[in-house]
Amino acid sequence: MVKLQTNKYIGAIDQGTTSSRFIIFNHKGDIVCSTQIEHKQYYPNPGWVEQDPTEILENTKKAINKTLSKASISVNELVSIGITNQRETVTIWDKHTGKPLYNAIVWQDTRTAELCEKLDNKYGKNFFREKTGLPPATYFSGSKIKWLIDNNSDVKSALRNDNALIGTMDSWLLWNLTKHVHATDVTNAGRTLLYNIRDFDWDDELLDIFSVPRSALPEVKPSITPKGYGKLVWKGKETSVMINTVLGDQQAALFGQNCYIKGEAKSTYGTGAFLLMNIGHDFYLSENGLLTTPAYSIEDKEPVYALEGSIALAGSLVQWFRDNIGLIKQSADIETLASKASDNGGVYCVPAFSGLFAPYWNSNAQGLITGITHYSNSSHLARAVLEATAYQTYDVFKAMEADTGIELKQLKVDGGMTVNSLLMQFLSDILECEVIKPKISETTCLGAAFGSGLASGFWSKEELLLIQKRDIAWEPKGSKKEIDRLVNGWQRAIRKSITV
């Protein structure tokens with residue numbers, strides 16, 4: 001590869017649910033080079049999902065090394081580095097040896113369902129929501145930590161003797177890539193059920209409920225800080241390269257989509273789907289089933305909050321259709337099959353395989369396909385599977401409008417499913433708003449890079465707005481009468497899913 005003579009670059013670590021990447025950006029915001037390495041998922045029991053923290057760390061180091069090598073860039077040509085990561089996944093390690101005491105428990109893991117139900121019954125959802133913006137759910141880190149303390153003697157002993165550290169994956173990487181800096185940012189701390197997002201501090205009452213010692217937890221810093229988290233230690237030596245940004249993946253996508261103004265929203269379509277809206281500096285709770293979460297914080301400025309709606313199955317529903325139903329060979333084929341039908345023919349798919357997420361939060365809901373008649377064919381079914389993602393987005397979208405009183409005129413989208421024009425057009429129709437896909441679709445890692453470049457002075461905020469431009473926009477075409485008919489059909493299907 002020919003080396004670009006610009007001398008300075010920004011690096012971004014994107015530690016995701018299934019892989020770890022390192023990406024190098026130049027001053028224009030172009031991706032100069034990247035490397036992605038997948039890691040294994042472990043399913044020791046039904047509902048359990050684990051990963052090996054050591055494998056993730058080694059893959060991250062390999063990705064950095066390979067990317068620098070391929071681009072013929074030295075580590076000292078990096079101005080700074082940002083980290084974005086899968087949220088809620090948590091690990092505990094020995095602070096003397098650095099060895100994990102157990103596998104990382106992944107955000108998708110549901111082993112703590114009984115514990116969360118007990119917490120809900122004892123304290124009620126609002127007790128936790130008032131402090132954290134979150135309900136007591138298996139999704140978040142606190143119950144996972146509690147499970148490890150109660151069920152693993154090594155973890156319990158190490159914490160009792162002050163020999164262990166607890167962290168989400170950003171903290172794990174920071175500790176190992178710096179001189180053992182134990183830190184996190186507000187977006188990750190805010191997903192633990194242990195952090196008070198009103199006071200911006202670990203909450204002693206919550207720590208007591210989950211039996212978590214404060215001394216084992218990381219220091220919480222601003223997401224984007226010129227002071228930095230720590231300098232990168234590379235091949236045994238501390239470099240001049242500062243790690244100065246940490247953002248949970250969905251908040252990074254919000255930042256990478258330039259959603260800096262109250263009322264701006266983005267939706268990321270990957271394995272699941274995550275819709276976030278910037279709600280400014282004022283904390284308030286959703287009355288319509290959404291989460292309140294820190295969006296980002298910049299050094300010496302007030303933190304920004306977001307409303308979030310999580311959809312469990314989006315791209316993974318298409319994969320299920322491909323692998324389990326067998327009507328398509330590749331995920332991309334679903335658009336061709338679905339396009340053969342002018343509409344869904346009355347067929348709806350509710351993918352409540354593990355209950356329903358926002359705005360329903362009903363763990364007892366069951367997946368179903370409804371409305372099938374003699375007229376129905378494979379194209380109707382394919383269309384119903386695709387449209388399920390749009391309908392679920394509609395539910396979250398309308399909940400956001402109801403909570404904020406803001407009528408959303410546009411939605412910025414990113415993620416793998418945005419290549420599906422049929423889905424994006426239907427999304428625009430059903431939401432009755434403009435749907436915008438950015439020029440740079442890698443918004444998660446771009447958000448981490450943007451934060452890092454902003455903190456180091458590599459970019460100004462005005463330059464960030466110029467770098468991220470729109471690529472494609474879809475305008476609504478459907479009639480109001482037809483939209484209402486389709487939405488009513490979806491809502492009937494949801495009611496059936498909940499009452500099955």
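The rules behind each value
- Residues numbered from 1 in each chain as written.
- Predicted model: local features only at pLDDT ≥ 70, side-chain atom pairs only at ≥ 80, totals over all residues.
- Heavy atoms only, no water.
- Helix = DSSP H or I, 4+ residues; strand = E, 2+ residues; numbered from the N terminus.
- Contact = heavy atoms within 4.5 Å.
- Phe/Tyr/Trp six-rings, centres within 6.5 Å; stacked < 30°, edge-to-face > 60°.
- Buried < 20%, exposed > 50% of the residue type's maximum accessible area, 1.4 Å probe, protein only.
- Pairing = 2+ DSSP bridges.
- Axes fitted to C-alpha atoms, helices over the stretch in contact; angles between N-to-C directions.
- Parallel < 35°, antiparallel > 145°, perpendicular 65-115°, else oblique.
- Nonpolar A, V, L, I, M, F, W, Y, C, P; charged D, E, K, R; others polar.
- Polar contact = N/O pair within 3.5 Å; in protein donor to acceptor, adjacent residues only side chain to side chain.

## Looking at unusual backbone geometry
Then, number 1: In this chain, Ala-358 is followed by Pro-359 through a cis amide linkage whose omega measures -5°.
Then, number 2: Positionally, Pro-359 belongs in the loop between strand 19 (348–350) and strand 20 (368–370).
Then, number 3: For Asp-300, which is not glycine, the phi dihedral falls at a positive 70°.
Then, number 4: Summarising the element assignment, Asp-300 is placed in the loop between strand 17 (291–296) and strand 18 (304–311).

## Some words on the environment of Lys-61
Then, number 1: By secondary structure assignment, the location of Lys-61 is in helix 1 (residues 53–71).
Then, number 2: Lys-61 sits 116 residues away from Leu-177 along the chain, and the two C-alpha atoms are 8.6 Å apart.
Then, number 3: In this structure Lys-61 touches Leu-177 and Trp-234, once residues within four positions along its chain are discounted.

## Here's the deal with the packing of aromatic side chains
Then, number 1: Within the structure shown, the criterion is met by 24 aromatic pairs.
Then, number 2: Aromatic side chains Tyr-348 and Tyr-391 sit 5.6 Å apart centroid to centroid with 45° between the ring planes, which places their arrangement in the tilted category. Of this pair, Tyr-348 sits in strand 19 while Tyr-391 is found in helix 12 (residues 378–404), placing the two residues 43 residues apart along the sequence.
Then, number 3: Judged by relative accessible area, Tyr-391 falls into the buried class, the value being 1%.
Then, number 4: Between Tyr-391 and Phe-426, the aromatic rings sit 5.5 Å apart at their centres with planes inclined by 80°, giving edge-to-face as the arrangement. Remark: Phe-426 occurs in helix 13 (residues 421–431) and Tyr-391 occurs in helix 12; sequence separation between them is 35 residues. Pair check on accessibility: Tyr-391 and Phe-426 agree, each one buried.

## Quick look at the sheet that holds strand 14 (residues 237–248)
Then, number 1: Reading across the sheet, the six strands line up as 3-2-1-5-14-13 and stay open at both edges, with mixed pairing between neighbours. The open sheet has two edge strands, strand 3 (31–38) and strand 13 (230–234), and neither has a second partner. Averaged over all pairs of adjacent strands, the angle between strand axes in this sheet comes to 25°, irrespective of strand direction.
Then, number 2: The sheet contact formed by strand 5 (residues 78–85) and strand 14 spans six bridges and is parallel. Counterpart to Thr-84 in the pairing with strand 14 is Leu-247.
Then, number 3: Contacting strand 5 and strand 14, helix 9 (residues 249–256) runs over the sheet at an angle of about 90° to strand 14.

## Section: the packing of helix 10 (residues 315–325) against helix 12
Then, number 1: Interaxial distance between helix 10 and helix 12 falls to 9 Å at its minimum, and their mutual angle equals 150°. It follows that helix 10 is roughly antiparallel to helix 12 by the angle criterion. Where helix 10 abuts helix 12, its residues Leu-317, Val-318, Phe-321 and Ile-325 lie against Leu-381, Ala-382, Val-385, Leu-386 and Ala-388.
Then, number 2: Taken together, the residues of the contact of helix 10 with helix 12 sort by class into nine nonpolar, no polar and no charged.

## Digging into the side chain of Thr-443
Then, number 1: Here Thr-443 shows up in helix 14 (residues 443–456).
Then, number 2: With relative accessibility at 1%, the residue Thr-443 sits in the buried group.
Then, number 3: Separated by 3.1 Å, the side chains of Thr-443 and Asp-414 make a polar contact.
Then, number 4: The contact partners of Thr-443, leaving out residues within four places of it in the chain, are Ala-252, Ala-253, Gly-256, Gln-257, Asp-414, Pro-438 and Gln-468.

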